[in-house]
Amino acid sequence: MAYTIDRFPSEEWPRLGAMTLHPVAESVPRARYWFRKFLAPYNPACSIDDCALMISELVTNAVLYGQADESWVVRVEWFRVATSLRIEVHNPGFPANVQMRRPEASDAHGRGLLLVDSIAESWHAGPSRFGGTMVSCDVAGAWPSSEGFTPLLF
């Protein structure tokens, strides 16, 4: 497992951080923990809890539905795009298979993308630049403006 925090994001390089995770269930709480830890110094105006919930759902889906013939990883990246926060989760598999379900009340699974859809400003699924699938979501109003954007270092 690897973690990266980008200390000096800019318009040219808006990524704030990244994680590479093993495709196992234990990666879900790790992703939540490290995302919270890495995002907090940027003091976002959006709910970090809501963002961590979306990370949980997207990483869970990546672990459950990613497919590859050889060993593979789940990649999570987050970016500042103007005043929004964009979260991307990448995994092997076919982008055409990503779809929001409409589960019955008695169904135990199938609500992940419904949660993401209800919290995020928007979400998208498509091909990943790493190969496979990328599912992203945008949280509007995460920061007040694009000027003076640096992490708060303690």
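Residues numbered from 1 in each chain as written. Predicted model: local features only at pLDDT ≥ 70, side-chain atom pairs only at ≥ 80, totals over all residues. Heavy atoms only, no water.

Undergrad: Describe in detail helix 2 (residues 48-65), supporting the description with residues and values.
TA: Between the first and last C-alpha of helix 2 there are 25 Å, a value that for 18 residues agrees with the 26 Å anticipated at 1.5 Å per step. On its buried side, helix 2 packs onto strand 2 (15-21), helix 1 (27-39), strand 3 (74-81), strand 4 (84-91), helix 3 (112-119) and strand 6 (133-139). (Helix = DSSP H or I, 4+ residues; strand = E, 2+ residues; numbered from the N terminus. Expected span 1.5 Å × (residues − 1). Contact = heavy atoms within 4.5 Å.)

Undergrad: Quick one: what's the story with unusual backbone geometry, residue by residue and with numbers?
TA: Positive phi values are uncommon outside glycine, yet Asn-43 reaches one of about 50 degrees. Counting through the fold element by element, Asn-43 comes out in the loop between helix 1 and helix 2. When its relative accessible area of 53% is taken as the criterion, Asn-43 is described as exposed. (Buried < 20%, exposed > 50% of the residue type's maximum accessible area, 1.4 Å probe, protein only.)

Undergrad: Lay out helix 1 in plain terms, naming residues and giving numbers.
TA: Side chains three or four residues apart in an α-helix point the same way, a direct result of the helix having 3.6 residues per turn. Between its first and last C-alpha atoms helix 1 spans 18 Å; for 13 residues at 1.5 Å apiece the expected length is 18 Å, and the two agree. Within the sequence span of helix 1, burial applies to Ser-27, Val-28, Ala-31, Phe-35, Phe-38 and Leu-39. Angular distribution of buried residues about the axis of helix 1 spans 105 degrees; they occupy a single face of the element. (Arc of directions from axis to C-beta.)

Undergrad: So what's going on with the pairing of strand 6? Residues and values would help.
TA: Walk down a regular strand and you will see the side chains alternate between the two sheet faces. Burial analysis of strand 6 places seven of its seven residues in the buried class, which makes it a mostly covered element. Residues Thr-133, Val-135, Cys-137 and Val-139 point to one face of strand 6 and Met-134, Ser-136 and Asp-138 to the other, with burial holding for every one of them. Relative to strand 6, strand 4 is paired through seven bridges, and the arrangement is antiparallel. Paired with His-90 across the two strands is Met-134, which belongs to strand 6. In terms of strand pairing, strand 5 (residues 122-127) meets strand 6 through six bridges, oriented antiparallel. (Pairing = 2+ DSSP bridges.)

Undergrad: Which residues make up the side chain of Ser-128, and what are the values?
TA: Summarising the element assignment, Ser-128 is placed in the loop between strand 5 and strand 6. A relative accessible area of 10% means that Ser-128 is categorised as buried. Once residues lying within four places of it in the same chain are set aside, the contact partners of Ser-128 are His-90, Thr-133 and Met-134.

Undergrad: Tell me about the environment of Val-76, and please be specific about residues and values.
TA: Examined against the element boundaries, Val-76 turns out to sit in strand 3. For Val-76 and Gly-17, which are 59 residues apart along the polypeptide, the C-alpha to C-alpha distance reads 8.4 Å. Those residues in contact with Val-76 that sit more than four places away from it in its chain are Gly-17, Ala-18, Met-19, Leu-21, Ile-55, Val-59, Glu-88 and Val-89.

Undergrad: An account of the state of the cysteines is needed here, citing residue identities and associated values.
TA: Within this structure, the stated rule accounts for zero disulfides. Unpaired in terms of disulfides, Cys-46 finds its nearest cysteine sulfur in Cys-51, a separation of 3.9 Å. (Disulfide = S-S within 2.5 Å.)

Undergrad: Describe in detail the nonpolar core, supporting the description with residues and values.
TA: Of all hydrophobic cores here, the largest spans 32 residues; its most connected members are Phe-35, Val-59, Val-76, Trp-78 and Leu-85. For this core, the secondary-structure elements that each account for two or more residues are strand 2, helix 1, helix 2, strand 3, strand 4, helix 3 and strand 6. Broken down by element, this core gets its largest block of residues, seven residues, from helix 2. (Core = buried A, V, L, I, M, F, W, Y, C linked by side-chain atoms within 4.5 Å.)

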